[in-house]
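Residues per chain are reported as follows:
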Amino acid sequence: MRRALATLLVLLALAGAALAVTPSERLADPALEARAREISKGLRCLVCQNESIDDSNADLAHDVRVKLRERLLAGDSDAQAVQFIVDRYGDFVLLQPPMRPATYVLWFGPGAVLLLAAGGMAIAFRRRHATDDAVPPPLSDAERERLDRLMRETEG
Amino acid sequence: MIVEIGHFALILALVVAIVQAALPLAGAARGNVAWMEVGRSTALAQFLLMAIAMAALMHAYVTSDFTVVNVIENSHTDKPLLYKITGVWGNHEGSMLLWVFILSLCGAAVALFSNNLPPALRARVLAVQGMIGTGFLLFILLTSNPFLRELPPPLNGRGLNPVLQDPGLAFHPPFLYLGYVGFSVSFCFAVAALIEGRVDSAWARWVRPWTLASWCALTIGIAMGSWWAYYTLGWGGWWFWDPVENASFLPWLVGTALIHSAIVVEKRDTLKSWTVLLAIITFSLSLVGTFLVRSGVLTSVHAFAVDPARGSFILLLLLVAIGGSLALYAVRAPALKGGGLFAPVSREGALVLNNLLLSTGAATVFLGTLYPLFLDAVGGPKLSVGPPFYNKTFVPLMVPVLVAVAAGPLLAWKRGDLLGALQRLWAAFAAAVVVVLGALYVTSGGPVLAVLGLGLAAWTFVGVLAEWTERLKLFRIPARDSWRRARNLPRSAHGMTLAHLGLAISVAGIAASAFEVEHIDIVAPGGDLPLAGYTLHLDKVEKLQGANYVADDATITVKRGDAVIAVVHPQRRFFPLQQQTTSETAIRTNFLADLYIALGEPDQAGGWTIRAYWKPLVPWIWIGAVFMAFGGVVSLSDRRWRVGVASRLRAPAAQAAAGD
Amino acid sequence: MMRRALFLLPVALFLALAGYFALALRPDRDPQALPSALIDKPAPAFTLASLDGGGNLSSDGLKGQVVVVNFFASWCVPCRIEHPLLMRLATQERVPIYGIAYKDKPEDSRRILAQLGDPYRGTGVDRDGGTGFDFGVYGVPETYVIDRSGHIRQRFVGPLTAEVVEKELLPLLKQLNRS
């Protein structure tokens, strides 16, 4: 199954040897085309690795580019056009994962790690300075005597 | 016959590795010097055996021995010689063989260049190296043997994936592995130190050069991979945050943190348990990267084999290697005593900040890489984590790193003077402001974040230079005295300056990639395509016959006004064996900007799609990486690393003097 | 004590990670599986010209029965792998399978069906792939199970295999037909 699917994906990629964003796909209206390009950069080429449809030469990426432009021509807002694609292909098509409970760990994880690490470091820092700054207790008489003896021995 | 010798050498290497793992360790525990010394001879023997195995497989490839399954699956008689050789590691089995070969190379290097190491530490380091070798040799022999035969042999092989038939990519894996596997030495040192229960400045001084050397190789390896993506993909992308790219970037980030924290251990005898942990994590991430690529849990352009048995085996190796070392850490590390104290604002403080940010950055990349897999494994929705995520999380973390790169080295150890340091950075501040204003003017308010990125690069670049001139007292004392100071300055200081400058250069290239100009259109032969002040004139498109492909070869004259700047030849190559088309882009660089031209499809009317880009400063990304690696090499040449050798040489001399 | 616990943290985190790697390695997990965004949602509305020339194939026409919708194309190599299975399903198991010829010239589709046999009760022509797009098709072949109310219940990406048919497709059809 897996092997067959891998073959399939390769075949899919082959089916469209056209390179990303071909001149024929472009919209006549430059403002609309610019919007399409911008949106395209955030949509994943579904059969590629982390490549946007704007950069991919896969056949499916071409389809999505064309559909996206159709929606924009039909008067959709950027958000509506993106939703149109997401309705069909799921969140997987978004290169930026949406913010929702299932992705809170992803989105807030880095900040939490930074805060925890910085906080832990600050505490460790303060604690060490609190303990180590204390002046060591003075030597007892016995210790002083031993030290003197040792010093004499090494000098002699 | 030669194949069998290779196979046999591989089995012998396993036996030797087991001895290397056991005897020196026991010797170190009992104080048996003879047993300890076995570590060195077995490490050298293992290297020799792995070299034989490697050579045997290479021989099979070069002579197109199609009785070997691995050769059938990945080679072809029509393939150019270079790719017959590099095809050895263009597949799962061969690349694992290369992995272990480099591991044995590292072991041999430790055995040869460790005369100044206490014998017990050396024995333990080599023993841990032997354990890793044992694990991976078992893996190769049991699940991924490249020497298996198939009879009767087919007439020809299936060939190598055309996208891998490229000089840049041919040498990308060896460098990458040299980096990945090189970190195993730091790992072994960390585990050996935990077994001994002692970490001190001497330990840090031994670990740093090994870490630095691996880091340099990894830097070059990653840069090569991204450069390959840049010139081969036909639109100039160079980093995708692809899981496998991330797998190589993670050890780089943590390895970078390790280089810096080891400085603190060496100079100030503190941050020990943290540094040991970093050394373990750096190599662990290399192992996890290997797992992700080789197990098939992720799918990627880089993933060769999808075989659950291999995945389970590597997972087992991970459990033993990482789980074992971290458990040892949990038991032994609490006993490691911290040394010198320092104020938050100090050189140590800056290095701690560097570690905090780089580690958090690594955690971010780790999370972004594995979170989709995690959600999927627990039955959640499929997600993509692409560049926009990293731009919003990872990139902001790196901004303070760059700010600190300029300021940190100006701070004194123990207690620094931040205000004084910032005052000495006035030139950097001025440069940043000038660059930001200048870039805003030139790009007429262009992408603000990219402009700020350029400003940050300028700040770092000038700040690093300011620190260097400060050290040399350049312009303040006679030039000759500055020269003398420069010569007396430790090489590692020059190395640091170079590496930090390289970072600034790369950042400038990355930031400026937002300013690229693109022009994609269909051009008939004889037609023109204007681009950023240049004119690209398509002279003709011809069919060319390559070694194992057919190419459409375009001749494009690049003109500026009437002056001809260059004639370039972008190609589309069709590989009939694999039925695959690749793009050979033409890149014309003047080191300030690249003209990037790719040939697309023909249309019915005889025109050709030409994709042309003007990419300012983009070559700096890789120039910067070369600077970074070169800085590392300069630092490696510092005589302080060889101080042990020097003191041994001095000892007989001193005796001779005493004898007089 | 706190300090000790802190040193245990790395190994604890790693073990959690390893556990989840083990989960990801389960043999029944396909890293390339792509669940449809339309599972348990109404199938997209479509009206396609019929391949045999008479009438059309529409989403409304499929309502009221549990059906299998298969996207295929004559240029698709993996489709030929699953074709015998589709034939078996149609003839032996009497599963109502409807075909949608995805981005294919009608004459090519007709020729391939004439050559290999036609497992479909009806076949629609999706010349520009618009219906495929509405279904969220990645590539051909893809197979959808649609229930009586017209909701998509399952999607199979890539060629069906005997194992998938026995363990997933047929039990699902049985269950949907019962309810």
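Residues numbered from 1 in each chain as written. Chains lettered and ligands numbered in written order. Predicted model: local features only at pLDDT ≥ 70, side-chain atom pairs only at ≥ 80, totals over all residues. Heavy atoms only, no water.

Looking at an unreviewed UniProt entry, one finds chain A named Cytochrome c-type biogenesis protein and attributed to Limobrevibacterium gyesilva. We quote the UniProt Sequence similarities (unreviewed entry) comment for chain A here in full: "Belongs to the CcmH/CycL/Ccl2/NrfF family." Turning to chain A, the UniProt record has this under Function (unreviewed entry): "Possible subunit of a heme lyase." (UniProt positions renumbered as here; feature names shortened; annotations may be inferred.)

Asks: Just to check I follow, could you spell out the overall build of chain A for this structure?
Replies: For chain A, the helix and strand inventory stands at 6 helices and 0 strands. Split into buried and exposed, the 156 residues of chain A put 40% on the buried side. Taking the intrachain contacts of chain A between residues at least 6 apart in sequence as the baseline, contacts between residues at least 24 apart amount to 54%. (Helix = DSSP H or I, 4+ residues; strand = E, 2+ residues; numbered from the N terminus. Buried < 20%, exposed > 50% of the residue type's maximum accessible area, 1.4 Å probe, protein only. Contact = heavy atoms within 4.5 Å.)

Asks: What exactly am I supposed to notice about the overall build of chain C here?
Replies: Scanning chain C from terminus to terminus reveals 6 helices and 7 strands. Each helix (α) and strand (β) of chain C, taken in turn from the N terminus, gives the series α-β-β-α-β-α-β-α-β-α-β-β-α. Overall size of chain C, expressed as C-alpha extent along the three principal axes, is 80 × 35 × 30 Å. Looking at chain C as a whole, 55% of its 179 residues qualify as buried. With an accessible surface of roughly 8300 Å², chain C has 57% of that area assigned to carbon and sulfur atoms. The positive charge centre, built from 21 side chains, and the negative charge centre, built from 19, are 7 Å apart in chain C. (Areas by Shrake-Rupley, 256 points an atom, 1.4 Å probe, with all protein chains shown as cover. Lys, Arg positive; Asp, Glu negative; His and termini not counted. Charge placed at Lys NZ, Arg CZ, Asp CG, Glu CD.)

Asks: Help me out: how do you make sense of the interface of chain B and chain A in this one?
Replies: A common way to express how large an interface is: the accessible area buried when the components associate. Each partner contributes to the interface: chain B provides 50 residues, whereas chain A provides 39 residues. A combined buried area of about 3800 Å² lies between chain B and chain A, and 66% of that area is made up of carbon and sulfur atoms. The shortest N-O distance in the salt bridge between Arg37(A) and Glu518(B) comes to 2.5 Å. Counting every contact that joins chain B to chain A gives 7 residue pairs in polar contact (both at pLDDT 80 or more). Among the secondary structure elements, those contributing two or more residues to the side of chain B that touches chain A are helix H13 (347-377), helix H14 (387-407), strand S1 (517-523), strand S9 (593-602) and strand S10 (608-616) of chain B. (Buried area = accessible area lost by both parts, 1.4 Å probe. Salt bridge = Lys/Arg side-chain N within 4 Å of Asp/Glu carboxyl O. Polar contact = N/O pair within 3.5 Å; in protein donor to acceptor, adjacent residues only side chain to side chain.)

Asks: Would you mind going over unusual backbone geometry with me for this structure?
Replies: Negative phi values dominate among residues other than glycine, just as trans dominates among peptide bonds. Omega for the peptide link from Val140(C) to Pro141(C) comes to -5°, which places this bond in the cis form. Along the polypeptide, Pro141(C) turns up in the loop between helix H5 (130-135) and strand S6 (142-146). Residue Phe591(B) is not a glycine yet carries a positive backbone phi of 70°. The residue Phe591(B) is located in the loop between strand S8 (586-589) and S9 in this model. In this structure Phe591(B) comes out as exposed when scored by relative accessible area, which is 52%. In this structure, Lys103(C) is a non-glycine residue whose phi angle is positive, near 50°. With respect to the helices and strands, the residue Lys103(C) is situated in the loop between strand S4 (97-102) and helix H4 (106-116). A relative accessible area of 18% places Lys103(C) in the buried class.

Asks: Quick question: what am I supposed to make of the side chain of Asp54(A) here?
Replies: All names here are of chain A. With respect to the helices and strands, Asp54 occurs in the loop between helix H2 (30-40) and helix H3 (59-73). Judged by relative accessible area, which is 3%, Asp54 ranks as buried. A polar side-chain atom of Asp54 sits 2.8 Å from a polar atom in the side chain of Arg37.

Asks: What is the right way to read the confidence of the model for chain A from this model?
Replies: Interpretation of this model should avoid reading the predicted coordinates in detail wherever pLDDT is low. All names here are of chain A. Overall, the predicted model of chain A reaches an average pLDDT of 77, with 77% of residues at or above 70. Taken element by element, the predicted model of chain A shows its lowest mean pLDDT in helix H1 (residues 2-15) (36) and its highest in helix H4 (residues 78-89) (92). Segment residues 1-18: pLDDT under 50, and 40 contacts once partners within four positions in sequence are set aside and those in other chains are kept. (pLDDT = per-residue confidence, 0-100.)

Asks: I tried to follow the confidence of the model for chain C on my own but got confused; where do I start?
Replies: With 94% of its residues at a pLDDT of 70 or more, chain C shows a mean pLDDT of 87. Of all helices and strands in chain C, the one with the weakest mean pLDDT is helix H1 (residues 2-24) of chain C (86), whereas strand S3 (residues 67-72) of chain C scores best (93).

Asks: Looking at this structure, how should I read the sheet that holds S1(B)?
Replies: Two pairing modes exist for strands in a sheet, parallel and antiparallel, and in both the strands are linked by backbone hydrogen bonds. All names here are of chain B. Ordered by their spatial adjacency, 4 strands build an open sheet running S1-S10-S9-S8, and the pairing between neighbours is antiparallel. Strands with a single pairing partner mark the edges of an open sheet, and in this sheet they are S1 and S8. Mean inter-strand twist for the sheet, computed between neighbouring axes without regard to direction, equals 15°. Contacts between helix H9 (residues 201-232) and the sheet are confined to S8, S9 and S10, with S9 contributing the most and set at about 50° to the helix. (Pairing = 2+ DSSP bridges. Axes fitted to C-alpha atoms, helices over the stretch in contact; angles between N-to-C directions.)

Asks: Whenever I open this one, the side chain of Ser492(B) confuses me. Can you help?
Replies: Residues and elements named next belong to chain B. For Ser492, the position within the fold is in helix H19 (residues 491-512). Accessibility expressed as a relative area gives 12% for Ser492, which makes it buried. Setting aside chain neighbours within four positions, we find Ser492 in contact with Ser635, Asp638 and Arg640.

Asks: Would you mind going over the nonpolar core with me for this structure?
Replies: Within soluble globular proteins, side chains that are nonpolar generally end up buried alongside one another. Core analysis: the largest hydrophobic core is formed by 154 residues, its most contacted members being Trp99(B), Phe189(B) and Leu318(B). Each residue touching Trp99(B), except ones within four places of it in the same chain, is listed here: Ile132(B), Phe136(B), Tyr177(B), Tyr180(B), Val181(B), Phe283(B), Leu287(B) and Thr290(B). Within the second largest apolar cluster, 46 residues are counted, among which are Leu51(C), Val68(C), Phe71(C) and Leu85(C). (Core = buried A, V, L, I, M, F, W, Y, C linked by side-chain atoms within 4.5 Å.)

Asks: Before we go on, may I ask you to explain the state of the cysteines in this structure?
Replies: By definition, a disulfide links two cysteine residues through a covalent bond between their sulfur atoms. All names here are of chain C. Tallied over the full model, the rule gives 1 disulfide over all chains. In this model, Cys76 is linked to Cys79 through a disulfide, with the two sulfur atoms separated by 2.1 Å. Taking the sign of the torsion about the S-S bond as the criterion, the disulfide between Cys76 and Cys79, at about 100°, is right-handed. A relative accessible area of 3% places Cys76 in the buried class. (Disulfide = S-S within 2.5 Å.)

Asks: What should I look at first to understand the environment of Val345(B) in this one?
Replies: Residues and elements named next belong to chain B. Here Val345 shows up in the loop between helix H12 (308-332) and H13. Using a relative accessible area of 33% as the deciding quantity, one classes Val345 as partly exposed. Separated by 69 residues in sequence, Val345 and Lys414 place their C-alpha atoms 8.1 Å apart. For Val345, the residues in contact, after removing those within four places along its chain, are Leu411, Lys414, Arg415, Gly416 and Leu418.

Asks: Would you explain the sheet that holds strand S7 (residues 152-157) of chain C in this entry?
Replies: All names here are of chain C. Strand order in this open sheet of 5 strands is S5-S4-S3-S6-S7, and the pairing throughout is mixed. Lying at the two open borders of the sheet, with one neighbouring strand each, are strand S5 (122-126) and S7. Taking the axes of each pair of neighbouring strands and ignoring which way they run, one obtains an average angle of 20° across the sheet. Bridge count for S4 against S5 is 5 bridges, and the pairing is parallel. Following the sheet pairing, Tyr98 is matched in S5 by Gly122. Sitting on the sheet, helix H6 (residues 162-178) is in contact with S3, S6 and S7, with an inclination near 165° to S7.

Asks: Hey, could you run me through H2(A) in this one?
Replies: Every α-helical turn comprises 3.6 residues, leaving residues that sit three or four positions apart pointing alike. All names here are of chain A. Along H2, the residues that are buried comprise Leu32, Glu33, Ala36, Arg37, Ile39 and Ser40. End-on, the buried residues of H2 take up no more than an arc of 165°, which puts them together on one face. Residues Pro30, Ala31 and Glu38 are exposed on H2 and point more than 90 degrees away from its buried face. Its side-chain oxygen at 3.0 Å from the backbone nitrogen of Ala31, Asp29 defines the N-terminal cap of H2. (Arc of directions from axis to C-beta.)

Asks: Could you clarify how one ought to interpret the packing of H9(B) against helix H20 (residues 620-636) of chain B in this entry?
Replies: The description of two helices packed together rests on the angle between their axes and the distance between the axes. Residue and element names in this part refer to chain B. Remark: H9 packs on H20, axes separated minimally by 9 Å, with the N-to-C direction vectors making an angle of 165°. Comparing the axis directions of H9 and H20 gives the class roughly antiparallel. Regarding H9 and H20, the two cross each other, and that crossing is left-handed. Residue-level contacts link Pro209, Leu212, Ala213, Trp215, Cys216, Thr219, Ile220, Ala223, Ser226, Trp227 and Tyr230 of H9 to Trp622, Ala625, Met628, Ala629, Gly632, Val633, Ser635 and Leu636 of H20. Taken together, the residues that form the contact of H9 with H20 break down as 15 nonpolar, 4 polar and no charged. (Parallel < 35°, antiparallel > 145°, perpendicular 65-115°, else oblique. Left-handed = near helix turned anticlockwise from the far one by under 90°. Nonpolar A, V, L, I, M, F, W, Y, C, P; charged D, E, K, R; others polar.)

Asks: Teacher, can you tell me more about a nonpolar patch on the surface here?
Replies: Residues Met1(B), Ile2(B), Ile5(B), Leu48(B) and Ile52(B) make up a contiguous nonpolar surface patch of roughly 490 Å² in combined accessible area. Elements supplying a minimum of two residues to the nonpolar patch: helix H1 (2-30) and helix H2 (33-62) of chain B. (Patch = residues over 30% accessible without salt bridge, like charges linked within 9 Å, V, L, I, M, F, W, Y side chains within 5 Å.)

Asks: Would you take a moment to explain the pattern of salt bridges for this structure?
Replies: Counted according to the given criterion, the structure contains 36 salt bridges over all chains. Across the salt bridge formed by Asp552(B) and Arg572(B), the nearest N and O atoms sit 4.0 Å from each other. Of this pair, Asp552(B) sits in strand S4 (residues 550-560) while Arg572(B) sits in strand S6 (residues 571-575), and the two are 20 residues apart along the sequence. Each member of the pair, Asp552(B) together with Arg572(B), is buried. Between Asp108(C) and Arg111(C) there is a salt bridge whose closest N-O contact spans 3.6 Å. Separated by 3 residues within a single helix, Asp108(C) and Arg111(C) lie in helix H4, roughly one turn from each other. Take Asp108(C): its relative accessible area is 23%, and that puts it in the partly exposed class.

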